[in-house]
Amino acid sequence: MGFKTFCLGMLCVLFLAHLYTPIPDNIEESWKVMALDAIAKTCTFMGICFENIGIMRYEEFISVIFRMDYTEPLSDEYITVIDTDFLHIPVRLYVPRRKAETLRRAIIYMHGGAFCFGSFKQRAFDFLNRWTANKLDAVVVGVDYRLAPQHHFPAQFEDGVTAVKFFLQDKILSKYGVDPSRICISGDSSGGTLAAAVTQQVQNDPEIKHKIKIQALLYPGLQMIDTYLPAHRENEHGIVLTRDVTIKLVSLYFTKDEALPEAMKKNQHMPVESRHLFKFVNWSTLLPEKFRKDHVYTEPILGRSAYSFPALLDYRASPLLANDSQLQNLPLTYILTCQYDILRDDGLMYVSRLRNVGVQVAHEHIEDGIHGALSYMTAPFYLHLGLRIKDMYTGWLDKNL
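Residues numbered from 1 in each chain as written. Predicted model: local features only at pLDDT ≥ 70, side-chain atom pairs only at ≥ 80, totals over all residues. Heavy atoms only, no water.

### A look at the overall build of the protein chain
At step 1: What the protein chain contains, in helices and strands, is 15 helices and 8 strands.
At step 2: Seen through its principal axes, the protein chain has C-alpha atoms that stretch 60 × 55 × 40 Å.
At step 3: Counting over 401 residues, the protein chain shows a buried share of 58%.
At step 4: Taking all contacts inside the protein chain whose residues are at least 6 apart in sequence as the whole, residues at least 24 apart take part in 75%. (Helix = DSSP H or I, 4+ residues; strand = E, 2+ residues; numbered from the N terminus. Buried < 20%, exposed > 50% of the residue type's maximum accessible area, 1.4 Å probe, protein only. Contact = heavy atoms within 4.5 Å.)

Take a look at the structure:
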């Protein structure tokens, strides 16, 4: 009993220690955000402690917490929900029950979770995809993909491409009553990374008959070669997602080698042969002036690491590394960025690069936004911000798909 009381007391102390993280004045529901930030950082602290004493790895501990939020495929009076698979890729389908007079629109959604966590089964994503299907009278496909560190890049990308190509077959589109000219690929955070990479692949593959009409990227991560952008500096100890945690998880996407995250923290993880890629992520030219502020651009130091990870140079992992000719074929694009987000500048630079090659882009920036807000749309941890982003995203889809 005494040990349990001690453990409970320690948890309370840890929670209170994190509870007073400074929250910007313009953040809506600041007390809720403060509490959610405290919970996230306490879980991170506990996970790292468990890893250090050999109980379980950090990502395993966080995965256990995520799985507690999983849902079953429950249909309702408006939407039929089905868990199935496209070849070997798990998907959850949301099909409106009401009779359609014409072929329906479709949205393929890839969930976030830093490539290591999450599923379409999460309560928030199930809510979002169900809402989207009902509001737009559209077929929605939630895609699960293999997770790191059990499966490293390019497994996640390959799963995304496989699922999308399977869905784009005439017989599958016909089965679900989908209009092949009105299909969207969407994703948030790391799901936004995959959505962007998969859309590049589909649009530039001459063997794929049906193309994507629009893509929607919600606070996406789009590059991993420069880890010291202005957003990284301003949000080093950010709300929910810090720079150290981001680097830890992103490195697991590629390897379990501890040398990579250590080098990424110093921004010294790229080889000399990557020098030509930095023009694609040069924030001093690609970021709007209001986001550059008084930050000084310095090119990362190259060739300091003895290891080699070719995947770091792969545009399928970092869609911002695609050249202009690959970007020119992309469809109308929606990008949403959040001010208090370590990934903010990735989205902003992609807006610039796409517009520079003539791609139409709708960009919405949330001045009081935080990373992962869409994860907070259901009780007990809901934020008005998450619901607002949901409405902005689905509203844009409704007008443009």
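From this point, things continue past the structure.
### A few points about the pattern of salt bridges
At step 1: Under the definition given, this model contains 26 salt bridges.
At step 2: Of the charged contacts, one joins Arg-353 and Asp-324 as a salt bridge, the two residues approaching to 2.8 Å between their closest N and O atoms. With Arg-353 in helix 14 (residues 344–356) and Asp-324 in helix 13 (residues 324–327), this pair connects stretches of sequence that are 29 residues apart.
At step 3: You can call Asp-324 partly exposed: its relative accessible area is 38%.
At step 4: Between Arg-344 and Asp-345 there is a salt bridge; the shortest N-O distance is 2.8 Å. (Salt bridge = Lys/Arg side-chain N within 4 Å of Asp/Glu carboxyl O.)

### Focus: the packing of helix 5 (residues 155–167) against helix 7 (residues 190–204)
At step 1: Packing of helix 5 against helix 7 brings their axes to within 9 Å, and their N-to-C directions diverge by 55°. When the axes of helix 5 and helix 7 are compared, the pair comes out oblique. For the element pair helix 5 and helix 7, the recorded crossing hand is right-handed. On the side of helix 5, the interface is formed by Gln-156, Phe-157, Gly-160, Val-161 and Val-164, while helix 7 contributes Leu-194, Ala-197, Val-198, Gln-201 and Val-202.
At step 2: Class assignment of the residues belonging to the contact of helix 5 with helix 7 gives a composition of 7 nonpolar, 3 polar and no charged. (Axes fitted to C-alpha atoms, helices over the stretch in contact; angles between N-to-C directions. Parallel < 35°, antiparallel > 145°, perpendicular 65-115°, else oblique. Left-handed = near helix turned anticlockwise from the far one by under 90°. Nonpolar A, V, L, I, M, F, W, Y, C, P; charged D, E, K, R; others polar.)

### Quick word on the packing of helix 2 (residues 30–52) against helix 3 (residues 58–67)
At step 1: Two elements in contact, helix 2 and helix 3, have axes separated by 7 Å at closest approach and are oriented at 135°. It follows that helix 2 is oblique to helix 3 by the angle criterion. In this structure, helix 2 crosses over helix 3, and the sense of that crossing is right-handed. In this structure, helix 2 contributes Cys-43, Thr-44, Met-46, Gly-47, Ile-48, Phe-50 and Glu-51 to the contact, and helix 3 contributes Tyr-58, Glu-59, Phe-61, Ile-62 and Ile-65.
At step 2: Looking at the contact of helix 2 with helix 3 residue by residue, the classes come out as 8 nonpolar, 2 polar and 2 charged.

### A short note on the sheet that holds strand 3 (residues 104–110)
At step 1: An order of 1-2-4-3-5-6-7-8 is seen for the 8 strands of this open sheet, with the pairing classed as mixed. With one partner strand each, in any of the chains shown, strand 1 (79–86) and strand 8 (361–370) form the two edges of the open sheet. Here the average twist between neighbouring strands, direction ignored, is 20°.
At step 2: Relative to the sheet, helix 5 contacts strand 1, strand 2 (89–96), strand 3, strand 4 (139–143) and strand 5 (178–188), its axis offset from that of strand 3 by approximately 170°. (Pairing = 2+ DSSP bridges.)

### A look at the side chain of Asn-129
At step 1: With respect to the helices, strands and loops of the structure, Asn-129 is situated in helix 4 (residues 123–136).
At step 2: With near-sequence residues (within four places) excluded, Asn-129 lies in contact with Tyr-94, Tyr-109, Val-140 and Gly-142.

### Regarding helix 15 (residues 384–400)
At step 1: Its 17 residues place the ends of helix 15 24 Å apart at the C-alpha level, agreeing with the 24 Å of an ideal helix rising 1.5 Å per residue.
At step 2: By the burial criterion, the buried members of helix 15 are Leu-385, Gly-386, Ile-389, Lys-390, Tyr-393, Thr-394, Trp-396 and Leu-397. Down the axis of helix 15, the smallest arc covering the buried residues is 160°, so these residues share one side.
At step 3: Among the structural elements, strand 3, helix 4, strand 5, strand 6 (214–218), strand 7 (332–340) and strand 8 are those in contact with the buried residues of helix 15. (Expected span 1.5 Å × (residues − 1). Arc of directions from axis to C-beta.)

### Describing the pairing of strand 1
Looking along a regular strand, one sees side chains alternate from face to face of the sheet.
At step 1: Here 8 bridges tie strand 1 to strand 2, and the two strands are oriented antiparallel to one another. Bridge pairing links Val-81 to Tyr-94 in strand 2.
At step 2: From the end of strand 1 to the start of strand 2, which pair antiparallel, there are 2 residues, and Leu-87 there has a positive phi angle of about 60°.

### A look at the nonpolar core
At step 1: Of all hydrophobic cores here, the largest spans 77 residues; its most connected members are Val-141, Phe-167, Phe-254 and Tyr-350.
At step 2: Every residue in contact with Tyr-350, bar those within four places of it in the chain, is listed here: Ala-196, Gln-200, Leu-217, Leu-222, Pro-319, Leu-320, Leu-327, Leu-330 and Ile-335.
At step 3: Residues Ala-40, Ala-133, Ile-214 and Ile-239 belong to the second largest nonpolar core, which totals 41 residues. (Core = buried A, V, L, I, M, F, W, Y, C linked by side-chain atoms within 4.5 Å.)

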